Protein chains: 2
Amino acid sequence: MSLTLGPGYPRAVTTPRRAPGGFPVVGIIGGGQLARMCAAPAAELGITLAVLAQSPDDSAALVIPASPVGEHTDEAAVLALAEVCDVVTFDHEHVPAEVLAAVRAKGVPMHPHPEALRFAQDKLAMRTRLTELGIACPRWAQAHTVAEVARFGDEVGWPVIAKTPRGGYDGRGVRLVERAEDLGDWLTRAREAGEGLLLEERVPFVRELAVLMARSPSGQLATWPVVETVQTDGICTEVIAPAPGLDRTLAEKLLTAGAQIAAALDVTGVFAIEAFETRTAEGEPGFVVNELAMRPHNSGHWSMDGAVTGQFEQHLRAVLDLPLGQPHARERWTVMANVLGGDYPDLYPAYRHVMARDPGAKIHMYGKGVRPGRKIGHVNVCGNDLADVRDRARHAADYIQGVVTE
Amino acid sequence: MSLTLGPGYPRAVTTPRRAPGGFPVVGIIGGGQLARMCAAPAAELGITLAVLAQSPDDSAALVIPASPVGEHTDEAAVLALAEVCDVVTFDHEHVPAEVLAAVRAKGVPMHPHPEALRFAQDKLAMRTRLTELGIACPRWAQAHTVAEVARFGDEVGWPVIAKTPRGGYDGRGVRLVERAEDLGDWLTRAREAGEGLLLEERVPFVRELAVLMARSPSGQLATWPVVETVQTDGICTEVIAPAPGLDRTLAEKLLTAGAQIAAALDVTGVFAIEAFETRTAEGEPGFVVNELAMRPHNSGHWSMDGAVTGQFEQHLRAVLDLPLGQPHARERWTVMANVLGGDYPDLYPAYRHVMARDPGAKIHMYGKGVRPGRKIGHVNVCGNDLADVRDRARHAADYIQGVVTE
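Residues numbered from 1 in each chain as written. Chains lettered and ligands numbered in written order. Predicted model: local features only at pLDDT ≥ 70, side-chain atom pairs only at ≥ 80, totals over all residues. Heavy atoms only, no water.

Q: I'd like a rundown of the relation of the copies chain A and chain B, residues and numbers included.
A: Mapping chain A onto chain B is achieved by rotating through 180° and translating by 0.0 Å along the same axis, at an RMSD of 0.0 Å. The relationship between the two copies is best expressed as a two-fold rotation axis. In this assembly the copies share their binding face: 100% of the residues contributing to the interface of chain A also contribute to that of chain B. (Least-squares fit on C-alpha atoms with pLDDT ≥ 70 in both. Contact = heavy atoms within 4.5 Å.)

Spelled out as structure tokens, the structure:
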């Protein structure tokens, strides 16, 4: 590996220094906040991390000593990282199949492995597989033409949801379509990329839920309580753990579906299932699966303070095939509120104010610069009174963000 | 600063990379496990650390990107660190007064500051000051000669405790003296160093307690529950939080003494008071102060999992003069058991076994090589049943250490 030194910031592209005692090195492709949030449990557990970051200022690179700079699409950069690690995992789902194949050819274990990761990378593959497994999904179709979109919409009712099968996140790559003609530009781009678009019916849902689990290569499964997620403009802004008033049978069905998906897809590491909670005409609760994520997930950030084992510790345990930790909630309620970038770049004074106002709030910042709507941190609050906990978490996040000023 | 590159381990002596948003950099002199355990809360809080380590393999240097290598006695190395930090704090109490003065001359704040730190560096100064404040101490004297030792022992009763005023820790620099003549070698060395020895009566105690507090430069004080500490061969092996069956009045007296010491000595950051719990002939509980530590302390490791705000997060908040976090216990009992180096250098298989046996145990490893008796990690267990919690913590620590094998 080469040595990169910037002006005023000498920094080596380091090989990770192995801790004595036989402790392993976990490589993470991608230096975002999910990689960063592995740093705390890794330091506590005695596990060394190495991160392939796009920049030395990436969220994870700021806190992990071995953070070589390179693209996740650059086979040489990914291989250089993999070769110094005992196992490789991911901050995101965007590593190309050819690069994953090159890592496999070197014999370095990856978790989740490419066959599983595919179902998080490609939403058409995900829908096809979940449907084969009999998992409840929104009605869906693959569309290449405006005529196909029109047919689907006429069948399931307008508007419909269109999704690019690859590369979307936080509401990007998702569009509400009122008329088939409106989708012309996306269809053209999809055709050029050699793929179809995913169309889904718009499901009338009661609320959104998420199931977070971890599965180890040995097949051990650990399940956190089902949570309620609150989305604003397609971005998760709040998570309530556990989901208030959740029907017990529905919770069991969701966990069973999660276990079935995990086993059938041979998922390893932490993964999340985002679902819509529905009601039949008779008022019976049900669900359909909206998305799969094969990595620690925003819907699991509450567990960092609210569960015996947080999702980032659990992910490290899982990808190392270590026995999994207890996922039980530590308190009756935990609410996580995301801090999104607002209008004020200087966060520290507001952060200081929030600490004074609420000494029990657990503030997590990602070391990221402010851009409107960007996830730059989150706040967890635990307690017995849901209304109070929710109010405190929301206020703290809004204050840091600059949405409220008192 | 210069660039140090070892064979196979390229590593720059880095300037810390500042996170955007106005977040500060905290410098820590010394790269031991106390500095290391600041890494997790710093990453979570969005605060950058920089550590002056003695070696790139120091416990803290393994997990903190900006870890220049240098001695804490080397003024130039300490100043180079201080100049890139907003505040400087300490992993240990051994930084010489001249070096502290040089940092002060550069205008970089230090917490604790040298005037306070002095009372943790010099046990004679500590005893003198606590006695002036009317804090209960064992009877003590300064001795330069065998005759003075004999006089003190005849007065308070043999054996007596002798302590080197500076540089001791974990039972080092402490000796049980049966006869004055036995102390000849230490007295000679003390004379050569231009100081006396501290003599203390051997206090007949019921058990050992510790008071852990944090104080900010603004004077805010936060107090964790009083804990019981269990020492084996002068090394802390177990901490029970809170101290079981502690007399309420005694607890209040201890906390009052802590607050008084903190204010009188203008202590900043986390500090610990180690005390002996005593009984009068009438069975009345009392205490005498044994030691002061002006830094996060082994007796506070339980708080990392057992309190809303752990001692390392609190120390960062305190030295940055941020509002302090809630120190309340999260569960009825937390027991911390230290993992000491044993006979087996390969810890990972035993660690794995412990995770399988007890998925609720919180395991903390320091990335340190095994040497017999060296503190290399600890285990926290929380729960409602003290006997069970204690047994689990002890077993997990002993198993990793190799003391038990089933």
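Q: Just give me the short version of the sheet that holds strand β6 (residues 140–143) of chain A, but keep the residues and values in it.
A: Residue and element names in this part refer to chain A. Taken in spatial order, the four strands line up as β6-β9-β7-β8 in an open sheet, and their pairing is antiparallel. Since the sheet does not close on itself, it has two edges, and those belong to β6 and β8 (174–177), each with one partner. Within this sheet the neighbouring strands show an average axis-to-axis angle of 30°, counted without direction. Where strand β7 (residues 160–163) and strand β9 (residues 197–201) come together, four bridges link them in antiparallel fashion. Of the residues in β9, the one forming a bridge with isoleucine 161 is glutamate 200. (Pairing = 2+ DSSP bridges. Helix = DSSP H or I, 4+ residues; strand = E, 2+ residues; numbered from the N terminus. Axes fitted to C-alpha atoms, helices over the stretch in contact; angles between N-to-C directions.)

Q: So what's going on with the packing of aromatic side chains? Which residues, and what values?
A: Under the defined criterion, the tally for this structure stands at eight aromatic pairs over all chains. Residues A:Phe23 and B:Tyr348 carry aromatic rings whose centres are separated by 5.4 Å and whose planes lie at 75° to one another, so their mutual orientation is edge-to-face. One end of the pair, A:Phe23, is in the loop between β2 (9–10) and β3 (25–29); the other, B:Tyr348, is in helix α12 (residues 348–357), on a second chain. With a relative accessible area of 12%, B:Tyr348 lands in the buried category. Feature note: the residues A:Phe23, B:Tyr348 and B:Tyr351 constitute an aromatic cluster, connected by ring pairs. (Phe/Tyr/Trp six-rings, centres within 6.5 Å; stacked < 30°, edge-to-face > 60°. Buried < 20%, exposed > 50% of the residue type's maximum accessible area, 1.4 Å probe, protein only.)

Q: Explain the domain arrangement of chain A to me, and be specific about the residues and the numbers.
A: Residues and elements named next belong to chain A. Under the domain assignment used here, chain A contains domain 1 (5–110), domain 2 (139–201) and domain 3 (207–401). Between the C-alpha centres of domain 1 and domain 3 there is a distance of 24 Å. Facing 20 residues of domain 1, the contacting portion of domain 3 comprises 20 residues. Of the roughly 1700 Å² buried where domain 1 meets domain 3, counting both sides, 71% is carbon and sulfur surface. (Domains from an automatic or database assignment. Buried area = accessible area lost by both parts, 1.4 Å probe.)

Q: Give a detailed account of helix α5 (residues 114–121) of chain B, specifying residues and quantitative values.
A: Residues and elements named next belong to chain B. Counted residue by residue, α5 has six buried out of eight residues, so it is predominantly covered. Residues of α5 that are buried include every one of Pro114, Ala116, Leu117, Phe119, Ala120 and Gln121, and no others. Looking at the packing, one finds that the buried side of α5 touches β5 (87–90), α4 (97–105), α6 (123–132), α9 (248–265) and β15 (285–293).

Q: Report on the interface of chain A and chain B, specifying residues and quantitative values.
A: Many structure descriptions define interface size as the accessible area lost when the parts assemble. The interface of chain A with chain B comprises 67 residues on the first partner and 67 residues on the second. Summed over both sides, the interface between chain A and chain B buries roughly 5700 Å², with carbon and sulfur atoms accounting for 56% of that surface. On the chain A side of the interface with chain B, the three residues burying the most area are A:Arg17, A:Arg330 and A:Tyr348, jointly 14% of the side's total. In this structure, A:Lys362 and B:Glu313 form a salt bridge, with 2.8 Å as the shortest nitrogen-oxygen distance. At the boundary of chain A with chain B, the tally comes to 26 residue pairs in polar contact (both at pLDDT 80 or more). (Salt bridge = Lys/Arg side-chain N within 4 Å of Asp/Glu carboxyl O. Polar contact = N/O pair within 3.5 Å; in protein donor to acceptor, adjacent residues only side chain to side chain.)

Q: Pulling in residues and values, what's your account of the pairing of β3(A)?
A: The side chains of a regular strand alternate, residue by residue, between the two faces of the sheet. Residues and elements named next belong to chain A. Most of β3 sits out of view: five of its five residues are buried. Of the two faces of β3, the one carrying Val25, Gly27 and Ile29 and the one carrying Val26 and Ile28 are both buried. The pairing of β3 with strand β4 (residues 48–52) spans five bridges and is parallel. Paired with valine 25 across the bridge in β4 is threonine 48. Pairing of β3 with strand β5 (residues 87–90) involves four bridges; the strand directions are parallel. For isoleucine 29, the partnering residue across the bridge sits in β5 and is phenylalanine 90.

Q: Requested: an account of helix α3 (residues 75–82) of chain B, with residues and values cited.
A: Residues and elements named next belong to chain B. Among the residues of α3, those classed as buried are Ala77, Val78, Leu79, Leu81 and Ala82. Close packing links the buried residues of α3 with β3 (25–29), β4 (48–52), β5 and α4. Here α3 starts with a cap whose side-chain oxygen sits 3.0 Å from the backbone nitrogen of alanine 76, and that cap is aspartate 74.

Q: Describe the pairing of strand β12 (residues 227–232) of chain A, naming the residues involved and giving the relevant values.
A: All names here are of chain A. Note: strand β10 (residues 207–215) against β12, three bridges, orientation antiparallel. In the strand pairing of β12, alanine 210 is matched with valine 227. The turn joining β12 and strand β13 (residues 235–241), which pair antiparallel and follow one another in sequence, is formed by two residues; a positive phi near 50° is taken by aspartate 233.

Q: Help me get a handle on the environment of B:Val177, residues and values and all.
A: All names here are of chain B. Take valine 177: it is sitting in strand β8 (residues 174–177). Sequence-wise, valine 177 and proline 225 are 48 residues apart; in three dimensions their C-alpha atoms are separated by 34 Å. Not counting residues within four places of it along the chain, the set of residues in contact with valine 177 comprises Trp158, Pro159, Val160, Ala162 and Leu183.

Q: Go over the pattern of salt bridges, please, and point to the residues and values.
A: All names here are of chain A. Inspection of the entire model under this criterion finds 54 salt bridges over all chains. Across the salt bridge formed by glutamate 277 and arginine 207, the nearest N and O atoms sit 2.6 Å from each other. Taken as a pair, glutamate 277 in strand β14 (residues 269–279) and arginine 207 in strand β10 lie far apart in primary sequence, 70 residues in all. Across the salt bridge formed by arginine 394 and aspartate 398, the nearest N and O atoms sit 3.0 Å from each other. Taken together, the residues span about one helical turn, with arginine 394 and aspartate 398 both in helix α13 (residues 386–401) at a distance of four residues. You can call aspartate 398 buried: its relative accessible area is 15%. Taken together, the salt bridges that share partners define one network made up of Lys123, Arg127, Lys163, Glu200 and Glu291.

Q: Describe in detail the packing of α3(B) against α4(B), supporting the description with residues and values.
A: Residues and elements named next belong to chain B. Where α3 contacts α4, the axes come no closer than 10 Å and their chain directions differ by 35°. Like other packed secondary-structure pairs, α3 and α4 cross with a definite hand, here right-handed. Residues Glu75, Val78, Leu79 and Ala82 of α3 pack against Glu98, Val99, Ala102 and Val103 of α4. Class assignment for the residues of the contact of α3 with α4 results in six nonpolar, no polar and two charged. (Left-handed = near helix turned anticlockwise from the far one by under 90°. Nonpolar A, V, L, I, M, F, W, Y, C, P; charged D, E, K, R; others polar.)

Q: Explain a negative patch on the surface residue by residue, including any values.
A: A cluster of like negative charges, contributed by A:Glu71, A:Asp74, A:Glu75 and A:Glu98, occupies part of the molecular surface. Locating A:Glu98 in the fold gives a position in helix α4 (residues 97–105). (Patch = residues over 30% accessible without salt bridge, like charges linked within 9 Å, V, L, I, M, F, W, Y side chains within 5 Å. Areas by Shrake-Rupley, 256 points an atom, 1.4 Å probe, with all protein chains shown as cover. Lys, Arg positive; Asp, Glu negative; His and termini not counted. Charge placed at Lys NZ, Arg CZ, Asp CG, Glu CD.)

Q: Mind laying out the sheet that holds β5(A), listing which residues take part and the relevant values?
A: All names here are of chain A. Overall, parallel pairing links the three strands, which are arranged β4-β3-β5 in an open sheet. Two strands in the sheet have a free side with no partner beyond their single neighbour: β4 and β5. Going across the sheet, the axis of each strand differs from the next one's by a mean of 30°, ignoring polarity. This element, helix α11 (residues 311–319), spans β3, β4 and β5 of the sheet and lies at about 140° to β5.

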